[in-house]
Structures are given as structure tokens and as C-alpha cells.
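# Commentary on secondary and tertiary structure
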Amino acid sequence: MARVAVVTGGTRGIGHAISIALKNKGCRVAANYAGNDAAARQFQAETGIPIYKWDVGDFAACQEGVTRITRDLGPIDVLVNNAGITRDGMLHRMTKDNWDAVIRTNLDSVFNMTRLVIDGMRSRSFGRIVNISSINGRKGQMGQANYSAAKAGLLGFTKAVAQENAAKGITVNVIAPGYIATEMVQAVPKDVLETKILPLIPVGRLGTAEEIARCVTFLAADEAGFITGACLDANGGQYMA
Ligand code: CAA
């Protein structure tokens, strides 16, 4: 039986590549998205992957989304918590709204989605949960107190939930991508990207979304059952923990 996989933020950026890679591995994929209808429709037309619109920061909306996907595709075996936003700014200029928005979308969402699929995974004794953190959750990043805090939160969450569910056939892992060529990174001021960030990447370039998707398919595979609570860094050598 094909595994059913849900990718949050699965129609754009890294999530776009993850959805396609999981489909190519034989999963029945559902791609969640929150806002950009045009991009989502284009993604669906190009890939044939069904799209589901809801805000992952909203627990009740997640409940509805999970129910719809389960009804359409079957019980969820693989959850990729990928949805994320940035609201960069120095802490001394950061608004409460920009703090709250990032924590809600990048961290609360992971509780919401994981909480809603974990009972089913436990009862079926199988599950693969892959959380997408960031190099900036590992090392901290100026201008990203909100994002670094949320992404570091995923590291602790992953390890706790991995321990709780290890005996139930469920693995929980986290990937920490470095700077990947997506719209999110293109939003960094060009001079900052070129003078402060690129020179710090030993591989000498931004990563690709497909390179992160490959990490996800590795961890989401049935054969990856002995890897849990791990953090896979994919950052071109920029940060070696
Ligand atoms: N590393 C080192 N120095 C940096 C820097 C960085 N990443 N970003 C900014 N600076 C420096 C600037 O060059 C500038 O130095 P000078 O005064 O010597 O010129 C100083 O810090 C102040 O920067 P700004 O003039 O840009 O000040 P600002 O208040 O307008 O903006 C900022 C500050 C919000 C940090 C902005 O520069 C910025 O957005 N930087 C990028 C932050 C970043 O790396 N975000 C990652 C987004 S991608 C992502 O999040 C995906 C992922 O997981 C990796």
C-alpha cells in the first residue's frame, strides 16, 4: 500500500520539491498551503498532487485539514512539517506581531499537525515525521530572533517526541537546511546575501530545494526505521555542529 504523506507549505519553495520527491517515491501526497492560490493551482496542474488550503497555525483548521485528507487519501503515514515564514528584523526593532506570527506559523503549527496525526500513527505502529528546521535554529542569526527561536524549538520538540514514540514504529527527525535558492532567501537584501552569507558557504553556492527533498525522502522511507531524534544538516558546510 502506498504511504500517505502530508507536506505543509507543500506547493512552493522547499515544500514544492518535497511533495514531488515523495510522489516520485510512490507516496500518495497531499500538499497543504495557506495563501497563494495561483501558485497552488499551478502546482496542482503540473504535478497532479491534490492541494489543501488552511492555516497550519490554527489548530481547528488543522483538525479539519487532517480530516479531509484522511477521507480523501487514507490515514496519514508521513508528515513533513515544512511550512514556515520569515519576518526578519533586529530584536530592538521587532514588533510583537512579527514575533507572534513566526512562532505561530513555524512552531505552533508543528505541535498542531503532529498532535493530530500521532494517535493514528501510534495505533497503526508506523509513522514518519520530518520537521524542517534551519541552520539558523542551530547557530542563531542576526535579524532572526523570532525565526531562530522557532527553528531551535523544533530541535527540542523532535527529540522529545522521538523518544515518546520510538517503541511505536514512529520516527521523528529534523532537517536543518542552510541557505537554499527559494523566494525566502531571495528576500534577503542582495548586498547582505552576496557579502555576508555566500562567502560563508564552503560549497560556494546556495543549495537547491531538491537537495533538501532528497534528505526528506531518505528519512521518510520505510527502511529508515533506526534513525530517530536525529538532525540532518544540509548547509553546504556553512555550519558544522
Ligand atoms: N551576517 C552578518 N552581518 C549582517 C547580516 C548577516 N547575515 N545581515 C546584516 N548584516 C549587517 C549588515 O551588512 C549591516 O552591516 P554594516 O552596518 O556594516 O553595513 C548591519 O548588519 C545592519 O544591517 P542592515 O543595514 O541591513 O540593518 P537592518 O536593520 O535594515 O536589517 C537585517 C538587518 C534584518 C539583519 C537584514 O540585514 C537582513 O534581513 N539580513 C538577513 C538575515 C538573514 O540571514 N535572514 C535569513 C533569511 S532566509 C531564511 O531564513 C531561510 C533559512 O532557514 C536559512
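About the criteria used
Residues numbered from 1 in each chain as written. Predicted model: local features only at pLDDT ≥ 70, side-chain atom pairs only at ≥ 80, totals over all residues. Heavy atoms only, no water. Helix = DSSP H or I, 4+ residues; strand = E, 2+ residues; numbered from the N terminus. Expected span 1.5 Å × (residues − 1). Buried < 20%, exposed > 50% of the residue type's maximum accessible area, 1.4 Å probe, protein only. Contact = heavy atoms within 4.5 Å. Pairing = 2+ DSSP bridges. Right-handed = clockwise from strand over helix to strand, strands pointing away. Axes fitted to C-alpha atoms, helices over the stretch in contact; angles between N-to-C directions. Parallel < 35°, antiparallel > 145°, perpendicular 65-115°, else oblique. Left-handed = near helix turned anticlockwise from the far one by under 90°. Nonpolar A, V, L, I, M, F, W, Y, C, P; charged D, E, K, R; others polar. Phe/Tyr/Trp six-rings, centres within 6.5 Å; stacked < 30°, edge-to-face > 60°. Lys NZ or Arg CZ within 6 Å of the ring centre and 35° of its normal. Core = buried A, V, L, I, M, F, W, Y, C linked by side-chain atoms within 4.5 Å.

Bringing helix α6 (residues 145–165) into the picture now. For α6, which comprises 21 residues, the first-to-last C-alpha distance of 30 Å matches the rise-based estimate of 30 Å (1.5 Å per residue) to within 8%. Among all positions in α6, only Asn146, Tyr147, Ser148, Ala150, Lys151, Leu154, Leu155, Phe157, Thr158, Val161, Ala162 and Asn165 are buried. Packed against the buried residues of α6 are α4 (96–124), β5 (127–132), α5 (135–139), β6 (170–177), α7 (183–186) and β7 (231–234).

In terms of burial, β5 is a largely internal element, 6 of the 6 residues being buried. A two-sided burial pattern is seen for β5, the buried positions comprising Gly127, Ile129 and Asn131 on one face and Arg128, Val130 and Ile132 on the other. As judged from the 4 bridges shared by strand β4 (residues 78–81) and β5, these two strands associate in the parallel manner. Bridge pairing links Val78 to Arg128 in β5. For the handedness criterion, the β-α-β arrangement of β4, α4 and β5 is classed as right-handed. With 6 bridges connecting them, β5 and β6 associate as parallel partners. The residue of β6 that forms the bridge with Val130 is Asn173.

Running from amino to carboxyl end, helix α1 (residues 13–24) crosses helix α9 (residues 209–220) at an angle of 50°, the nearest separation of the two axes being 8 Å. When the interaxial angle is binned, α1 and α9 end up oblique. In this structure, α1 crosses over α9, and the sense of that crossing is right-handed. Within the contact between the two elements, α1 uses Gly13, Ile14, Ala17, Ile18, Ala21 and Leu22 and α9 uses Ala209, Glu210, Ile212, Ala213, Val216, Thr217 and Ala220. A per-class count over the contact of α1 with α9 returns 10 nonpolar, 2 polar and 1 charged.

A few words on the side chain of Ser134. Tracing the sequence through the fold places Ser134 in the loop between β5 and α5. Residues within four places of Ser134 in sequence aside, it is in contact with Tyr147, Lys151, Ile175, Ala176 and Pro177.

This model, assessed by the stated rule, comprises 1 aromatic pair. Consider the rings of Phe59 and Phe111, whose centres lie 6.2 Å apart with planes at 25°: the pair is stacked. Of this pair, Phe59 sits in helix α3 (residues 59–73) while Phe111 is found in helix α4, placing the two residues 52 residues apart along the sequence. When its relative accessible area of 43% is taken as the criterion, Phe111 is described as partly exposed. Arg3 extends its terminal NZ or CZ atom over the ring of Phe126, reaching a point 3.6 Å from the ring centre.

Moving on, we come to the nonpolar core. Ile18, Leu22, Val29, Val80, Ile132, Ile175 and Val216 are the most contacted members of the largest nonpolar core, which totals 28 residues. Of all elements in the fold, only β1 (4–7), α1, β2 (28–33), α2 (37–47), β4, β5 and α9 reach the threshold of two or more residues within this core. For this core, the leading source of residues is α9, giving 7 residues. Not counting chain neighbours up to four residues away, the residues in contact with Leu22 comprise Ala5, Val7, Cys27, Val29, Val80, Thr217 and Ala220.

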